[in-house]
Amino acid sequence: MLTAHVVFATITGNNEDVADIVTEKLEDLGCQVTETEISQTDAAEFQQADICVVCAYTYDEGSLPDEGLDFYEDLQALDLHGKTFGVAGSGDTFYGEYYNTTVDHFEAAFRQTGATLGAPSVKINLEPDAAAITQLDAFATQLVHHAQA
């Protein structure tokens, strides 16, 4: 059985919703999933999972979540070769060029670990709607297929 760890950072609750949607789909696909909040998670916990997912918001003008800075730094120092990763996040298009840039930062951090991108990153505007749920379900499905390959 594949294992997955979904880590989220949220202010409004939208990214927790994103994490919940991804977690539910991963479980539906037969994965054993752990879901945790970023400030309560040691990045090294990803070493125990086959699939590693981060769902985080972008603060202000492109800043990472303050409560996730240590996690982000620790993530970059890990060796996650053989792991599949994915990144999703909810943001607000109001911020223009800074829209969901945390997704890009976490994708780059995962690449430094040697983990393999299992699905294209997903950027959701505000609260996940029906179209976003479909997109997140496809994201989770791709992660599982990649991890099984």
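Residues numbered from 1 in each chain as written. Predicted model: local features only at pLDDT ≥ 70, side-chain atom pairs only at ≥ 80, totals over all residues. Heavy atoms only, no water.

So, about the pattern of salt bridges. Counted by the stated rule, this structure contains two salt bridges. The shortest N-O distance in the salt bridge between Lys123 and Asp104 comes to 3.0 Å. Placement of the pair is Lys123 in strand E6 (residues 122–125) and Asp104 in helix H3 (residues 101–113), with a sequence separation of 19 residues. Looking at Asp104, the relative accessible area reads 38%, which means it is partly exposed. Here Arg111 and Glu107 are joined by a salt bridge, their closest N and O atoms 2.9 Å apart. You can see Arg111 and its partner Glu107 sitting in helix H3, four residues apart, about one turn around the helix. (Salt bridge = Lys/Arg side-chain N within 4 Å of Asp/Glu carboxyl O. Helix = DSSP H or I, 4+ residues; strand = E, 2+ residues; numbered from the N terminus. Buried < 20%, exposed > 50% of the residue type's maximum accessible area, 1.4 Å probe, protein only.)

Turning to the packing of helix H1 (residues 14–28) against helix H4 (residues 130–148), a few remarks are in order. Taken N-terminus to C-terminus, the directions of H1 and H4 make an angle of 50 degrees; their axes are 9 Å apart at the nearest point. Taken as axis vectors, H1 and H4 run oblique relative to one another. Crossing angle aside, the handedness with which H1 passes H4 is right-handed. Here Val18, Ile21, Val22, Lys25 and Leu26 of H1 come into contact with H4, specifically with Ile133, Leu136, Asp137, Phe139, Ala140, Thr141 and Val144. A per-class count over the contact of H1 with H4 returns nine nonpolar, one polar and two charged. (Axes fitted to C-alpha atoms, helices over the stretch in contact; angles between N-to-C directions. Parallel < 35°, antiparallel > 145°, perpendicular 65-115°, else oblique. Left-handed = near helix turned anticlockwise from the far one by under 90°. Contact = heavy atoms within 4.5 Å. Nonpolar A, V, L, I, M, F, W, Y, C, P; charged D, E, K, R; others polar.)

Secondary-structure assignment places Ser121 in the loop between strand E5 (116–117) and E6. Residues Ser121 and Phe106 lie 15 residues apart in sequence; the distance between their C-alpha atoms is 9.8 Å. The contacts of Ser121, once residues within four sequence positions are left out, are Val87, Val103 and Glu107. A polar contact is formed between the side chain of Ser121 and the side chain of Glu107, at a distance of 2.6 Å. (Polar contact = N/O pair within 3.5 Å; in protein donor to acceptor, adjacent residues only side chain to side chain.)

Examined against the element boundaries, Thr23 turns out to sit in helix H1. With a relative accessible area of 7%, Thr23 lands in the buried category. If we ignore the near neighbours within four places in the chain, the residues touching Thr23 are Val6, Val33 and Glu35.

Along the polypeptide, Val53 turns up in strand E3 (residues 51–55). C-alpha of Val53 to C-alpha of Phe85: the two residues are 32 residues apart in sequence and 5.6 Å apart in space.

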